[in-house]
Amino acid sequence: MELMGSTLTATYARPKTSHFLPAISTMASSYRNTQPGLAMNPSANQWRTNGYYKTGSSMPSLSSIQRENLELVRAKTMFYPSNRTALTTRYTPGDWFKSNQNNYRESESSRNSAERLRKDTIRMMQDKEQLTRRTQENTSKNIGERLSNIVFWKAELNHEIDNMVTEIATLTEVKRRLERALAETEGPLQVSQECLYHREKRMSIDLVHDGVEKDLIKEVEVIRSCQERMRRHVDRAIAQLASNRAAQHELERDMSDKVTAQRIDDRCHHLRNTSDGISYYRGIERLDPSLSLPDSWSKFTDDNILHSQSDRAASHKLRDEIEILLNATSNEMWSQFNNVNIAFTNRISETADAKNSLQAHLAKTLQEIFQTEMLIESLKKALRDKESPLKVAQTRLEERTRRPNVELCRDNPHHRLVGEVREIEDTIHKLQVRLMEAENTLQTLVKTKVTLEHDLSVKANSLFLDQERCMSMRKSFPSTPRLVGYT
C-alpha cells in the first residue's frame, strides 16, 4: 500500500507516547529489531497484526463488523498523517498485556543471562586470579630453585677457584724451587769442569786417564743430565701454570656470569605486583635469546669444574714429580760428588806414596852415585898405583936385555919379570874394564837420578793440582737443602 500524505518526519515515525507507560515501540526496540510503523503494507508491524487477527478470530462477529467499517473508512475517508498515525498505533489490551509479559520474560531472561554472565565472569576472574597467582608463585618458585642452583654452582665454583688458586701458588713455589736448584747446579758443574781443566796441566806420565778423571767426566755428565731434566720440568711447570690459569680464568668468568645471573634472578624473584620498575614489554615472550638449556647450562659449569680438577690433578702429579726429581738429582749429584772426592783422595794418596817412593829411590840412587864415584876414584888410584910396578918390571927387562953375549940368558928372573909385566898389564886391563863399567854405572845412576827428580817434580805438580787446586774448590759444593731449592 502506498504511503499518503506529506513527507514523513521523526514526528510521524514515532507513535504518541503516554505519560504513564513507555511506548511499545520503544520497549520493543530495546529487544527486537522491529520495522518502522510507517509502512502501510501488511508486512509492517507483523508481530502486532498477527496478534490482532488472532484476537479477532475469537470474536468473529465483531471482527467482521470492524473489518467492514475499516474498509468503509478507507474508501471514504481522506488519509492525513494524523489520521494514519492514529489508526496504525492502536493495540488491543491483550497485545498490551502480552507485550508486557514478553517484556517481563525478556527482562528476566536478560537479567538471568546477565547474572549468569556476571557470576561466570566473577568466577572466571577469580579462577584466573588464582591461576595467575599460582602461575606467579610457581614462576617465583622456579626462579627460587634456579637461584638455589646458581648458589650451589657458585659454591662449587668458589671451592674450585680457591683450590685452583692454592694449587697455582703451590706449583709456582715448587717451580721457583726448581729454578733455584737448577741455578745451584751451575756451581758444581763449573767446579767439575775447572778440575778437569786443572788436571790437564799434569805433566808427562801423570797425564793419565785415571779414575779421578773418569769420575769427573761422569760428574759433569750427571750434572748436565740433572740440569736437562730440571729444564724439562721447568718448561712443563710453565705450561701447566698456563693451563691452570686458563682454567682459573674460565672458572672466574663462569663465576662472574653466575653472579650477574644471580643478581638478575634475585631481583626477578623479589619482584611483586606492587614493585617499582615493572613495565610492559610487548612481544618479549616471543623473544628467545637463550643460548643454553638447563642440562647444557649445568653441564657447562660441570665441564669447567671437571677440567679444572683435571688440571689440578695434573699439576699435583707434576709437583710430586718435581719433588722426586729434586731429591733424585740431589742424591745423584751428592753421590757422584762423594765418589769424585774419594777418587781424588785415593789418587792423592797414590801420588803421595809414589812421590815418597821416588824420594827414597832418589836418596838411594844419590848414595849409590856417591859410592860409584868413590869406586871410580879408587880404580883410578889403583891404576895409578900399577904404573910404577909396571915401569919397574919393564925397566928391569929392558935393562937385562943389555946383558952381553951368553949372559943374555932366559933365566928364572927373566921369566919372572915377563910374568910380572904380564900380570901387571892384566891387572891394569881389568882395572880399566872395571873403571869403564863403574863410569857407565855412574852415568846410569845419574840418568836414573835425573829421571827420579823429574818424576818427583811431576808427582809434586800432580799433588799440587789435585790437592791444592781441585780439592780446595770442591769444599764449596752446595748443601742438600740448596740442591732441592731451599735457601
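Residues numbered from 1 in each chain as written. Predicted model: local features only at pLDDT ≥ 70, side-chain atom pairs only at ≥ 80, totals over all residues. Heavy atoms only, no water.

### Quick look at the overall build of the protein chain
Part 1: Each helix and strand counted, the protein chain has 11 helices and zero strands in total.
Part 2: When contacts within the protein chain are restricted to residue pairs at least 6 apart in sequence, long-range pairs at least 24 apart make up 88% of them.
Part 3: Carbon and sulfur atoms provide 55% of the accessible area of the protein chain, an area that totals close to 32,300 Å². (Helix = DSSP H or I, 4+ residues; strand = E, 2+ residues; numbered from the N terminus. Contact = heavy atoms within 4.5 Å. Areas by Shrake-Rupley, 256 points an atom, 1.4 Å probe, with all protein chains shown as cover.)

### Thoughts on the packing of aromatic side chains
Part 1: Taken as a whole and judged by the stated rule, the model has three aromatic pairs.
Part 2: Between tryptophan 96 and phenylalanine 97, the aromatic rings sit 4.7 Å apart at their centres with planes inclined by 80 degrees, giving edge-to-face as the arrangement.
Part 3: Accessibility expressed as a relative area gives 48% for phenylalanine 97, which makes it partly exposed.
Part 4: Centre to centre, the rings of tryptophan 334 and phenylalanine 337 are 5.3 Å apart; their planes meet at 85 degrees, and the pair counts as edge-to-face. One end of the pair is tryptophan 334 and the other is phenylalanine 337, both in helix H9 (residues 294–400) and three residues apart, which spans about a single turn.
Part 5: Judged by relative accessible area, which is 24%, tryptophan 334 ranks as partly exposed.
Part 6: Over the face of the ring belonging to tryptophan 297 we find arginine 146, whose NZ or CZ atom lies 3.7 Å from the ring centre.
Part 7: The positively charged end of arginine 282 is found above the aromatic ring belonging to tyrosine 280, 4.5 Å away from the centroid. (Phe/Tyr/Trp six-rings, centres within 6.5 Å; stacked < 30°, edge-to-face > 60°. Buried < 20%, exposed > 50% of the residue type's maximum accessible area, 1.4 Å probe, protein only. Lys NZ or Arg CZ within 6 Å of the ring centre and 35° of its normal.)

### A look at the confidence of the model for the protein chain
Part 1: Per-residue pLDDT for the protein chain averages 80, and the proportion of residues at 70 or more is 79%.
Part 2: Taken element by element, the protein chain is modelled with least confidence in helix H1 (residues 10–13), mean pLDDT 39, and with most confidence in helix H8 (residues 211–269), mean pLDDT 93.
Part 3: Confidence over residues 1–70 falls short of pLDDT 50; this stretch has 58 contacts with residues more than four positions distant or in other chains.
Part 4: Across residues 72–77, where pLDDT falls below 50, the model places two contacts with residues more than four positions away in sequence or in other chains. (pLDDT = per-residue confidence, 0-100.)

### Examining the pattern of salt bridges
Opposite charge on two side chains lets them pair, provided their charged atoms get close.
Part 1: Evaluation of the coordinates by the stated rule reveals 33 salt bridges.
Part 2: Two residues, aspartate 120 and arginine 123, come together in a salt bridge whose shortest N-O distance is 2.3 Å. Here the residue aspartate 120 and the residue arginine 123 both occupy positions in helix H6 (residues 93–184), the gap between them amounting to three residues, near one helical turn.
Part 3: Relative accessible area serves as the criterion here: at 40%, aspartate 120 is assigned to the partly exposed category.
Part 4: On the accessibility criterion, arginine 123 (43% relative accessible area) is partly exposed.
Part 5: Among the salt bridges present, the one from arginine 347 reaches aspartate 210, with a minimum N-O distance of 3.1 Å. Placement of arginine 347 in helix H9 and of aspartate 210 in the loop between helix H7 (186–199) and H8 is noted, with a sequence separation of 137 residues between them.
Part 6: Taking the relative accessible area as the measure of exposure, aspartate 210 reaches 8% and is therefore buried.
Part 7: Through salt bridges with shared partners, a single network forms among Arg199, Arg202, Asp210, Glu213, Arg347, Glu350 and Asp466. (Salt bridge = Lys/Arg side-chain N within 4 Å of Asp/Glu carboxyl O.)

### Points about the packing of H6 against H8
Part 1: Close contact between H6 and H8 brings their axes to 8 Å; oriented N to C, the two are set at 160 degrees. By the angle between their axes, H6 is roughly antiparallel relative to H8. In terms of crossing hand, the pair formed by H6 and H8 is left-handed.
Part 2: Grouping the constituent residues of the contact of H6 with H8 by class yields 25 nonpolar, 11 polar and 13 charged. (Axes fitted to C-alpha atoms, helices over the stretch in contact; angles between N-to-C directions. Parallel < 35°, antiparallel > 145°, perpendicular 65-115°, else oblique. Left-handed = near helix turned anticlockwise from the far one by under 90°. Nonpolar A, V, L, I, M, F, W, Y, C, P; charged D, E, K, R; others polar.)

### Quick notes on H7
Part 1: For H7, spanning 14 residues, the distance from its first C-alpha to its last is 20 Å, which sits close to the expected 20 Å at 1.5 Å a residue.
Part 2: Regarding H7, the residues found buried are Pro188, Leu189, Val191, Ser192, Cys195, Leu196, His198 and Arg199.
Part 3: Along its buried surface, H7 packs onto H6, H8, H9 and helix H10 (412–473). (Expected span 1.5 Å × (residues − 1).)

### Focus on the packing of H9 against H10
Part 1: Relative to each other, H9 and H10 sit at 165 degrees, their axes nearing to 5 Å. Considering the angle they form, H9 stands roughly antiparallel to H10. Crossing angle aside, the handedness with which H9 passes H10 is left-handed.
Part 2: Residues of the contact of H9 with H10, tallied by class, amount to 35 nonpolar, 14 polar and 17 charged.

### Overview of the nonpolar core
Part 1: Grouped together as the largest cluster of nonpolar side chains are 19 residues, with contacts concentrated most on Cys195, Val212, Leu216, Met333 and Phe344.
Part 2: Elements supplying a minimum of two residues to this core: H7, H8, H9 and H10.
Part 3: Ranked by residues supplied to this core, first place goes to H8 with six residues.
Part 4: Ala393, Leu397, Leu431 and Leu435 belong to the second largest nonpolar core, which has 17 residues in total. (Core = buried A, V, L, I, M, F, W, Y, C linked by side-chain atoms within 4.5 Å.)

### Brief notes about the side chain of threonine 301
Part 1: When you line up the elements, threonine 301 lands in helix H9.
Part 2: Ignoring anything within four residues of it in the chain, the contact list for threonine 301 reads Trp153, Leu157, Asp254 and Lys258.

### Notes on a nonpolar patch on the surface
Part 1: A grouping of Tyr281, Ile284 and Leu287 is seen on the molecular surface, where their side chains present a nonpolar patch of about 350 Å² in accessible area.
Part 2: Among the structural elements, leucine 287 can be located in the loop between H8 and H9. (Patch = residues over 30% accessible without salt bridge, like charges linked within 9 Å, V, L, I, M, F, W, Y side chains within 5 Å.)

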